[in-house]
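Observations on the model geometry
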Amino acid sequence: KSAGTYRKQMSKYSAELLAEVIDMLKEFCDAGLATTTDIWTSRVQDSYISLTTHFIDRHYRLHRWTPACQYFDQQHTGDAIEEVLERILEEKLQFASTLPRFAVSDNASNMRKGINQSLFDLYLCNCHTQQLCIMDAFGEFKDDTIEAVTMLDSSNACKRLAQHLHKSPLAQMLLEHECQETGHYPKSIPQANETRWDSRCTNMEGTIYHEECLMRLARKGKFKVKPPGKPAYSLVPTPQEFEMIRAGVNVLKVCKTTTEIFEQEKVPTLPLVIDRLFTMDKELEEIIEDPENQDEMIVNFAIAVREQLKKENRFPDYGTKNELNCMANYLNPTLKGCHLKMKNINKFEGTKTKIEQQLNHWKCDSDLEEVDEDIVDVPEETSVKKLTPTELLKRQLREEDDKTKSRVNEGSGVFGEPETAIKKEMKTYETLMEAKDGTDLLKWWKSHSEQLPLLSYMVRIIFCIPAASSKSERVFSVAGRIVTPSRARTAPEQVENLFIMKCNIRLLREMKNQ
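First, a word on scope: everything that follows refers to the structure included in this document. (Residues numbered from 1 in each chain as written. Predicted model: local features only at pLDDT ≥ 70, side-chain atom pairs only at ≥ 80, totals over all residues. Heavy atoms only, no water.)

This brings us to the overall build of the protein chain. From N to C terminus, the protein chain includes 19 helices and 7 strands. Radius of gyration (C-alpha) of the protein chain: 26 Å, near the 24 Å computed for a compact globule of 514 residues. Each of the three principal axes of the protein chain carries a C-alpha extent, and together these read 85 × 70 × 40 Å. Residues counted as buried form 50% of the 514 residues belonging to the protein chain. In the protein chain, of all internal contacts separated by at least 6 residues, the share reaching a separation of at least 24 is 71%. When the accessible surface of the protein chain is totalled, it reaches about 26,300 Å², and 48% of it is carbon and sulfur. Of the charged side chains in the protein chain, 70 are positive and 80 negative, and the gap between their average positions amounts to 7 Å. (Helix = DSSP H or I, 4+ residues; strand = E, 2+ residues; numbered from the N terminus. Rg over C-alpha atoms; globule rule 2.2 N^0.38 Å. Buried < 20%, exposed > 50% of the residue type's maximum accessible area, 1.4 Å probe, protein only. Contact = heavy atoms within 4.5 Å. Areas by Shrake-Rupley, 256 points an atom, 1.4 Å probe, with all protein chains shown as cover. Lys, Arg positive; Asp, Glu negative; His and termini not counted. Charge placed at Lys NZ, Arg CZ, Asp CG, Glu CD.)

Looking now at the environment of Ala218. With respect to the helices and strands, the residue Ala218 is situated in helix α8 (residues 211-219). Leaving out residues up to four positions away in the same chain, Ala218 has contacts with Ser234 and Val236.

At their nearest, the axes of helix α7 (residues 199-209) and helix α9 (residues 239-262) sit 9 Å apart, and the two run at 135° to each other. Between α7 and α9, the interaxial angle falls into the category oblique. Between α7 and α9 lies a crossing of left-handed hand. Residues Cys201, Thr202, Met204, Glu205, Thr207 and Ile208 of α7 touch α9, and the partners they reach there are Phe242, Ile245, Arg246, Gly248, Val249, Leu252, Lys253 and Lys256. A class-by-class count of the residues in the contact of α7 with α9 yields 7 nonpolar, 3 polar and 4 charged. (Axes fitted to C-alpha atoms, helices over the stretch in contact; angles between N-to-C directions. Parallel < 35°, antiparallel > 145°, perpendicular 65-115°, else oblique. Left-handed = near helix turned anticlockwise from the far one by under 90°. Nonpolar A, V, L, I, M, F, W, Y, C, P; charged D, E, K, R; others polar.)

If you check the backbone angles, Tyr60 has positive phi at about 60° while not being a glycine. Following the sequence through the fold, Tyr60 ends up in the loop between β2 (47-56) and β3 (62-71). Residue class for Tyr60 comes out buried when judged on its relative accessible area of 11%. You will see that Tyr318, though not glycine, has its phi angle at about 60°, which is positive. Along the polypeptide, Tyr318 turns up in the loop between α11 (296-309) and α12 (323-331). Looking at Tyr318, the relative accessible area reads 13%, which means it is buried.

Turning our attention to the packing of helix α15 (residues 421-431) against helix α17 (residues 453-462). The description of two helices packed together rests on the angle between their axes and the distance between the axes. Running from amino to carboxyl end, α15 crosses α17 at an angle of 85°, the nearest separation of the two axes being 8 Å. The angle between α15 and α17 places the two elements in the roughly perpendicular class. The residues of α17 that touch α15, namely those facing Ala421, Ile422, Glu425, Met426 and Tyr429, are Pro453, Leu454 and Leu455. Of the residues belonging to the contact of α15 with α17, the class tally is 7 nonpolar, no polar and 1 charged.

The next thing to look at is the sheet that holds β2. Taken in spatial order, the 5 strands make up an open sheet running β3-β2-β1-β4-β5, and their pairing is mixed. What marks the edges here is a single partner per strand, and that holds for β3 and β5 (121-124). When strand polarity is set aside, the average angle formed by the axes of neighbouring strands in this sheet is 25°. Bridge count between strand β1 (residues 33-41) and strand β4 (residues 101-105): 4 bridges; the pairing is parallel. Each bridged residue has a counterpart across the sheet, and for Thr35 the counterpart in β4 is Ala103. The sheet strands contacting helix α19 (residues 492-513) are β1, β2 and β3, and the helix crosses β3 at an angle near 170°. (Pairing = 2+ DSSP bridges.)

Leu331, Trp445 and Phe463 are the most contacted members of the largest nonpolar core, which has 100 residues in total. Considering each element in turn, this core owes the most residues, 10 residues, to α9. Not counting chain neighbours up to four residues away, the residues in contact with Phe463 comprise Ile56, Pro268, Pro271, Ala328, Leu331, Asn332, Leu441, Leu442 and Trp445. Of all hydrophobic cores here, the second largest spans 33 residues; its members include Leu18, Leu33, Ile49 and Leu508. (Core = buried A, V, L, I, M, F, W, Y, C linked by side-chain atoms within 4.5 Å.)

Turning our attention to the environment of Ser486. One can find Ser486 in the loop between α18 (470-482) and α19. It is 28 Å that separates the C-alpha atoms of Ser486 and Lys187, two residues lying 299 residues apart in sequence.

This brings us to the environment of Val483. Positionally, Val483 belongs in the loop between α18 and α19. For the pair Val483 and Leu498, spaced 15 residues apart in sequence, the C-alpha separation works out to 9.9 Å.

Turning our eyes to something else, we now look at the pairing of β2. Burial analysis of β2 places 10 of its 10 residues in the buried class, the great majority of the element. The alternating pattern of β2 places Ser47, Ile49, Leu51, Thr53 and Phe55 on one face and Tyr48, Ser50, Thr52, His54 and Ile56 on the opposite face, and all of these are buried. As paired elements, β1 and β2 share 8 bridges and run antiparallel to each other. Paired with Thr35 across the two strands is Thr53, which belongs to β2. Turn length for the β1-β2 hairpin, with the two strands adjacent in sequence and antiparallel, is 5 residues, and the turn residue Gln45 shows positive phi of about 65°. Inspection of the sheet shows β2 paired to β3 by 8 bridges, in the antiparallel sense. Note that in β3 the partner of Leu51 across the bridge is Ala68. Here β2 folds back onto β3, and the loop between the two strands holds 5 residues, one of which, Tyr60, carries a positive phi near 60°.

None of this, on its own, says anything about what the molecule does.
In structure tokens, the structure reads:
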């Protein structure tokens, strides 16, 4: 068979597969739709814009499809992005205008403008926001004992070293030989990629792992380069830079865990945002206040990162200034809005009011059942263990609630305003036994959907929003494996076809098996 035959068959199969994906969206997406979107440029400077979809069906299954990855031959302006998103929405995602729609993207100004002008509500990627905090801390942090050297300079030294090792087989052999002499297991040092979250941290970890071997090579005069017209210099970081790199790695491990939580794909991540930001802040505080921590550089860098995270345009008040984060925190049965009750936050009642308002705004004519007020679970005792910051907060709030419970009961009059159905559900929800950590949130809400139909409906809208635009990043990782140097001249139409097949075929098979 000729190449033309394969192209025709591929185009036909891709169209059939895309039609199945669109049918799946129309059949199961009836509560709320979340998308992630981004722009990627191939090796031959062809640009593509992706759109991934996320929603929760009536069976409380979290769907994630990629119905569009289109050739983008316009300037990367907000107006052009808006035009493409609206065209995709009109041609492929033909949903009712009343369906709540959200788009998750990074902080780039053109993406923000394009989404804000479209029919989507913008939610900024938490991983990208955290990365901006880290890079700002990198640029500003400079220890007093190291003149004119910032954390960014030290990180860039690791970056240059990794690039050299990946390009030079001789340098790799030298490092492996040195590892053998010292009895050190050789590992590759990952390269730092600006489009990959936490890649600088991983790069710095790899450099620290080989610190002893690298210093021995530096003393032998190895790993030196001489750029044209410039003096020769060593690619191995100096002892002072290694000290700074070590401090960075110790602090960034906390942020790396946050990224791993936010970029999960198979579970709802929005309900985890406030909890994780609160926990991360407390972990950084522990590093700062730990009496056993004698490394002043680690403490100072932890302070710098923590200050960046708290900035108004980053994560002020643990992300509680975002209403979607607050609603998701309240609807998480393991938390039930415990972070919203903190005295410096005080958004618990306001979030409940917002949920009621949004329900009235989003809910169409639905066959949702009334709440069954007779079903109330009793909290059970938990075993003694080391408590996380959130568990300590829960204990403190329970003690405060016990003290004020009698006063609240006495102050509630008989002739107050009649309770709405959603308020009755909220009261029932708050008296249910608190779900244990690690509980499958969607299974929990599925099992309580008849008891709490209105809140369950809200969960299907809010929990489908991913905390990060990781799905789009993964789509473009697929793209990098499709448009290889040997296939760089593949026509954009064929690249789109391969995109659609690669990103959806496995998910379709899994859905059919279910």
